[in-house]
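An overview of the molecular structure
So you can see what is in the structure, the chains are spelled out below.
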Amino acid sequence: AGKLKADMTGSNVWGHDVAPYQTLLSFSDTDFIRANDEFNLEYQKDSGQTFRQWLEAEQSWTQLDWIPLKASLLQRMDKLKIL
C-alpha cells in the first residue's frame, strides 16, 4: 500500500513505477482485496478517497505501458466488486 501511495502522490511527469502495480496484479483475489483494504485503511481517512479513486485519477501521457496496466487493475477491481 505504501509503495502504491508513494507512486500516486504528486505529479508523475516521468511516468509511474509499474512494479508495485504489477505485483498487485499477481496477487490472488484474496490478497488483492487485502491490499486494497490496507490502502483504504491507511490513506482513505486523510485523503477522502479510496484506492480505486486514487487509481482512476492517475494519468501518464508519456508511459505507454501505464494505460493497459491501469485498465487491468480496474477490470480486476470490477470483477472483485471493489468500489
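Criteria and cut-off values
Counting of residues starts from 1 at the beginning of each chain's written sequence and follows it residue by residue. Residue-level local features of this predicted model are given only where pLDDT is at least 70; pairs of side-chain atoms are given and counted only at 80 or more, and the full residue set underlies all totals for whole chains, interfaces and linings. Calculated side-chain values reflect all of the structure's heavy atoms, with hydrogen atoms and water omitted. Numbering of helices and strands runs from the N terminus; a helix is a DSSP stretch of H or I covering at least four residues, while a strand is a stretch of E covering at least two. Throughout, exposure labels follow a simple rule: accessible area from a 1.4 Å probe, protein chains only, divided by the maximum for the residue type, with under 20% read as buried, over 50% as exposed, and the rest as partly exposed. We call two residues in contact whenever any of their non-hydrogen atoms come within 4.5 Å of each other. Salt bridges, as used here, are contacts in which a Lys or Arg side-chain nitrogen is within 4 Å of a carboxyl oxygen on Asp or Glu. pLDDT measures the predictor's confidence residue by residue and takes values from 0 up to 100.

1. Describing the overall build of the protein chain
Counting its secondary structure elements, the protein chain contains 5 helices and 0 strands. Along the chain direction, N to C, the helices and strands of the protein chain fall in the order α-α-α-α-α. In terms of overall dimensions, the protein chain has a C-alpha envelope of 30 × 25 × 20 Å along the principal axes. Within the protein chain, the fraction of its 83 residues that count as buried is 39%. Restricting the contact set of the protein chain to residue pairs at least 6 apart, pairs at least 24 apart contribute 66%.

2. Remarks on the pattern of salt bridges
Scanning the entire structure with this criterion turns up 5 salt bridges. Residue D29 pairs with K79 through a salt bridge whose shortest N-O separation is 3.1 Å. Placement of the pair is D29 in helix α3 (residues 29–47) and K79 in helix α5 (residues 66–79), with a sequence separation of 50 residues. Between D78 and R52 there is a salt bridge, and its shortest N-O distance comes to 2.7 Å. Of this pair, D78 sits in helix α5 while R52 sits in helix α4 (residues 51–57), placing them 26 residues apart in sequence. Among the charged side chains, a salt-bridge network with shared partners connects D29, R76 and K79.

3. Some words on the confidence of the model for the protein chain
Averaged over all residues, the pLDDT of the protein chain is 91; the fraction at 70 or higher stands at 98%. Taking the mean pLDDT of every element in the protein chain, the minimum, 88, falls on helix α1 (residues 2–8) and the maximum, 96, on helix α2 (residues 19–26).

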